[in-house]
Amino acid sequence: MPNFITVQDIINRKNGPKIVMLTAYDYPSAVLADQAGIDVILVGDSLANVVLGLKSTTDVGMPGMIHHAKAVRRAVKTALMAVDMPFDSVSAGIDEALVHCQTMVKETGCDAVKIEWCDGCLDIIRAVTAQNIPVIGHVGLTPQTAEQLGGFKVQGKDALSAKRIIQQAVAMELAGCFCLVLECIPSPLAKILTSKLRIPTIGIGAGHDCDGQVLVMHDILGMFSGFRPKFVKQYANCSAVISQAMTQFKNEVQSGHFPDESNEYQMNDNELKILLKDAEN
Ligand code: KIV
């Protein structure tokens, strides 16, 4: 029995237990996520906002995603590791998109890529899965094209737009996605999608009927001071812990309490004597 999670394992989880996905963007946090038993670790393009201080997820490109994904790959031993394809890598047309997906897998060693719904995405997904690269789809509120959707708001609230999301989700499944992220849609719509699709659904702001849940690591840890949507649950207040430690460090350096003897290296008495003598001359 291999002791790592495969794409087939995720597909099999359609019938439970629930799939747990979490973002990670660097080595130490990915080690912790892997050790915590997270099933899928996603190097999300949310890293643009969360760790790079950029305005939009579209502001991160292939070099940035690859840089962070490589660090995460070094850490992840058990979870399935997926990487978001950045906006400019898939919006350049099918041939370039395919090359970018192949580059992402080759350079980072990721197990899957995630592609958000956008014009032309179905041809890209067909081409990428034909090359045996597993693809996670993403419908509903797709941050890369949020402007076209009227901004960061719940999608599919009326029957017409809900039907459009169902069509997109079914089309992504048919194109070859092995699971689907549902972002910021009403719970009843997510429930319909979850029973309609053969592949697992992983919700973020899509209610409890999905086959799994995903959140951004910095949101659950209380480490992101930007906008916090209603669907986020904060499980810790790491910002407060980190601030407190930094302030204490500053205070102890200034007061002379750090470093103390336990943090210092000593010298052999004889060697010190020689040194002091030499220093006198
Ligand atoms: O970029 C991201 O973090 C994501 C997840 C939140 C699904 O796409």
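The shown structure was predicted, so the numbers you read here are calculated from the model rather than taken from an experiment.

1. Here's the deal with the overall build of the chain
- Assigned secondary structure in the chain consists of twelve helices and eight strands.
- For the chain, contacts bridging at least 24 residues in sequence account for 57% of all contacts bridging at least 6.
- Total accessible area on the chain stands at roughly 15200 Å², and carbon and sulfur atoms take up 56% of it.
- Separation of charge centres in the chain, based on 24 positive and 30 negative side chains, amounts to 10 Å.

2. Side note on the pattern of salt bridges
- Here the structure, examined in full by the defined rule, presents seven salt bridges.
- Residue Asp111 pairs with Arg73 through a salt bridge whose shortest N-O separation is 3.5 Å. Of this pair, Asp111 sits in the loop between α6 (94–108) and β4 (112–116) while Arg73 sits in helix α4 (residues 62–75); the two residues are 38 residues apart in sequence, bridging distant segments of the chain.
- Its relative accessible area of 22% is what places Arg73 among the partly exposed residues.
- With a closest N to O distance of 2.9 Å, Asp123 and Arg126 form a salt bridge. With Asp123 and Arg126 both in helix α7 (residues 121–130) and three residues apart, the pair spans about one turn of that helix.

3. Topic: the site of the ligand
- In the vicinity of the ligand, the contacting residues are Thr23, Leu42, Gly44, Asp45, Ser46, Asp84, Lys114, His138, Val181, Ile204 and Val216.
- Ser46 is positioned such that a nitrogen or oxygen atom in its side chain is 2.5 Å from an oxygen atom of the ligand.
- Calculation on the ligand without its partners gives an accessible area of 250 Å², and the protein chains cover 95% of this total.
- Class assignment of the residues belonging to the shell around the ligand gives a composition of four nonpolar, four polar and three charged.

4. With respect to the sheet that holds β4
- Taken in spatial order, the eight strands line up as β1-β2-β3-β4-β5-β6-β7-β8 and close into a barrel, and their pairing is parallel. Taken over all neighbouring pairs, the strand axes of this sheet differ in orientation by 25° on average, direction set aside.
- Relative to strand β7 (residues 201–204), strand β6 (residues 179–183) is paired through four bridges, and the arrangement is parallel. Along β7, the bridge assignment pairs Val181 with Ile202.
- Lying on the sheet, α4 is in contact with β2 (40–43) and β3 (80–84); it crosses β3 at an angle near 170°.
- Sheet strands touched by α6: β3 and β4. Its angle to β4, the strand with the most contacts, is close to 145°.

5. Structural notes on the side chain of Gln168
- Among the secondary structure elements, Gln168 is positioned in helix α8 (residues 159–175).
- Once residues lying within four places of it in the same chain are set aside, the contact partners of Gln168 are Trp117 and Val139.

6. Quick notes on the nonpolar core
- By size, the foremost hydrophobic cluster in this structure holds 81 residues, and its most contacted members are Met104, Val113, Ile115 and Leu182.
- Looking at which element gives the most residues to this core, the answer is α8, with seven residues.
- In this structure, Leu182 is in contact with Val139, Ala190, Leu193, Thr194, Thr201, Ile202, Gly203, Ile204, Ala206 and Cys210, ignoring residues within four places of it in sequence.

7. Examining the packing of helix α2 (residues 27–35) against α4
- Where α2 contacts α4, the axes come no closer than 8 Å and their chain directions differ by 40°. In terms of their interaxial angle, α2 and α4 are classed as oblique. Every pair of crossing elements has a handedness; the one defined by α2 and α4 is right-handed. Across from Tyr27, Ala30, Val31 and Asp34 in α2, the residues of α4 making contact are Ala71, Val72, Arg74 and Ala75.
- Of the residues in the contact of α2 with α4, the class split is six nonpolar, no polar and two charged.

8. As for the domain arrangement of the chain
- Under the domain assignment used here, the chain contains domain 1 (7–236) and domain 2 (241–280).
- Of note, the centres of domain 1 and domain 2, computed from C-alpha atoms alone, are 47 Å apart.

9. Points about the packing of aromatic side chains
- One pass over the structure, following the stated rule, counts one aromatic pair.
- For the ring pair Phe249 and Phe258, a centre distance of 5.9 Å and an interplane angle of 65° mean the geometry is edge-to-face.

10. Examining the packing of α8 against helix α9 (residues 187–196)
- Running from amino to carboxyl end, α8 crosses α9 at an angle of 30°, the nearest separation of the two axes being 11 Å. When the axis of α8 is compared with that of α9, the two are roughly parallel. Note on packing geometry: the crossing formed by α8 with α9 is right-handed. Two secondary-structure elements touch here, α8 through Ala162, Ile165, Ile166, Ala169 and Val170 and α9 through Leu189, Ile192, Leu193 and Lys196.
- Looking at the contact of α8 with α9 residue by residue, the class counts come to eight nonpolar, no polar and one charged.

Cut-off values and rules
- Residues numbered from 1 in each chain as written.
- Predicted model: local features only at pLDDT ≥ 70, side-chain atom pairs only at ≥ 80, totals over all residues.
- Heavy atoms only, no water.
- Helix = DSSP H or I, 4+ residues; strand = E, 2+ residues; numbered from the N terminus.
- Contact = heavy atoms within 4.5 Å.
- Areas by Shrake-Rupley, 256 points an atom, 1.4 Å probe, with all protein chains shown as cover.
- Lys, Arg positive; Asp, Glu negative; His and termini not counted.
- Charge placed at Lys NZ, Arg CZ, Asp CG, Glu CD.
- Salt bridge = Lys/Arg side-chain N within 4 Å of Asp/Glu carboxyl O.
- Buried < 20%, exposed > 50% of the residue type's maximum accessible area, 1.4 Å probe, protein only.
- Near = heavy atom within 4 Å.
- Polar contact = N/O pair within 3.5 Å; in protein donor to acceptor, adjacent residues only side chain to side chain.
- Nonpolar A, V, L, I, M, F, W, Y, C, P; charged D, E, K, R; others polar.
- Pairing = 2+ DSSP bridges.
- Axes fitted to C-alpha atoms, helices over the stretch in contact; angles between N-to-C directions.
- Core = buried A, V, L, I, M, F, W, Y, C linked by side-chain atoms within 4.5 Å.
- Parallel < 35°, antiparallel > 145°, perpendicular 65-115°, else oblique.
- Left-handed = near helix turned anticlockwise from the far one by under 90°.
- Domains from an automatic or database assignment.
- Phe/Tyr/Trp six-rings, centres within 6.5 Å; stacked < 30°, edge-to-face > 60°.

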